[in-house]
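A look at the structure
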Amino acid sequence: MKSFRFEKMYDAGKILERFSFNPKNYKTHSPEQRASIHESMKAFGWIGNPVVINTKTRHLLDGHGRLKLCSEESLPVKVGFVRLNEEEESAFIALLDSLALMSKVDPEAHQELLKEAY
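Calculation rules
Residues numbered from 1 in each chain as written. Predicted model: local features only at pLDDT ≥ 70, side-chain atom pairs only at ≥ 80, totals over all residues. Heavy atoms only, no water. Helix = DSSP H or I, 4+ residues; strand = E, 2+ residues; numbered from the N terminus. Contact = heavy atoms within 4.5 Å. Areas by Shrake-Rupley, 256 points an atom, 1.4 Å probe, with all protein chains shown as cover. Lys, Arg positive; Asp, Glu negative; His and termini not counted. Charge placed at Lys NZ, Arg CZ, Asp CG, Glu CD. Salt bridge = Lys/Arg side-chain N within 4 Å of Asp/Glu carboxyl O. Buried < 20%, exposed > 50% of the residue type's maximum accessible area, 1.4 Å probe, protein only.

Time to look at the overall build of the protein. Scanning the protein for helices and strands turns up five helices and four strands. Counted from the first residue to the last, the protein has its helices and strands arranged as β-α-α-β-β-α-β-α-α. Seen through its principal axes, the protein has C-alpha atoms that stretch 45 × 35 × 25 Å. Of all intrachain contacts in the protein linking residues separated by at least 6 positions in sequence, the fraction that spans at least 24 positions is 84%. Accessible area for the protein stands at about 8300 Å²; split by element, carbon and sulfur atoms hold 56% of it. Across the protein, the mean location of the 17 positive side-chain charges is 8 Å away from that of the 17 negative side-chain charges.

Here we take up the pattern of salt bridges. Going through the model one piece at a time under the given rule, you end up with five salt bridges. We note a salt bridge from Glu72 to Arg34, for which the minimum N-O separation is 2.6 Å. Taken together, the positions of Glu72 in helix H3 (residues 64-73) and Arg34 in helix H2 (residues 31-44) put the pair 38 residues apart, joining distant regions of the chain. Judged by its relative accessible area of 23%, Arg34 is partly exposed. One network of salt bridges, in which partners are shared, links Lys27, Asp62 and Arg66.

At Arg58, a residue that is not glycine, the phi angle is positive and equals roughly 65 degrees. Along the chain, Arg58 falls in the loop between strand S2 (51-54) and strand S3 (59-62). For Arg58, a relative accessible area of 40% translates into the label partly exposed.

Shown next, in the form of structure tokens:
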């Protein structure tokens, strides 16, 4: 079983000096999504999962948008490191968000949560 190693906060610019965006990344982020991520980070700091870097290929596996934003805004980035071969890396990228997309959202419960929060 693979697991994160050395998960902690890092300078985003230094991470980008040592590791590269993954050429297999198939996702893009709209300006609206980037603005929402930025507002969330300003309000709450870093919450949630770390960006994921493969130390074997030196590629970013997850969190391209968050890392780019942190670099542009000089914010620290939470990073988890894994060591995967190229086949495992491809599987990780292909499955990560696909699994999340399988979940169903209850729109009424979501609206109630938003009313409570705002």
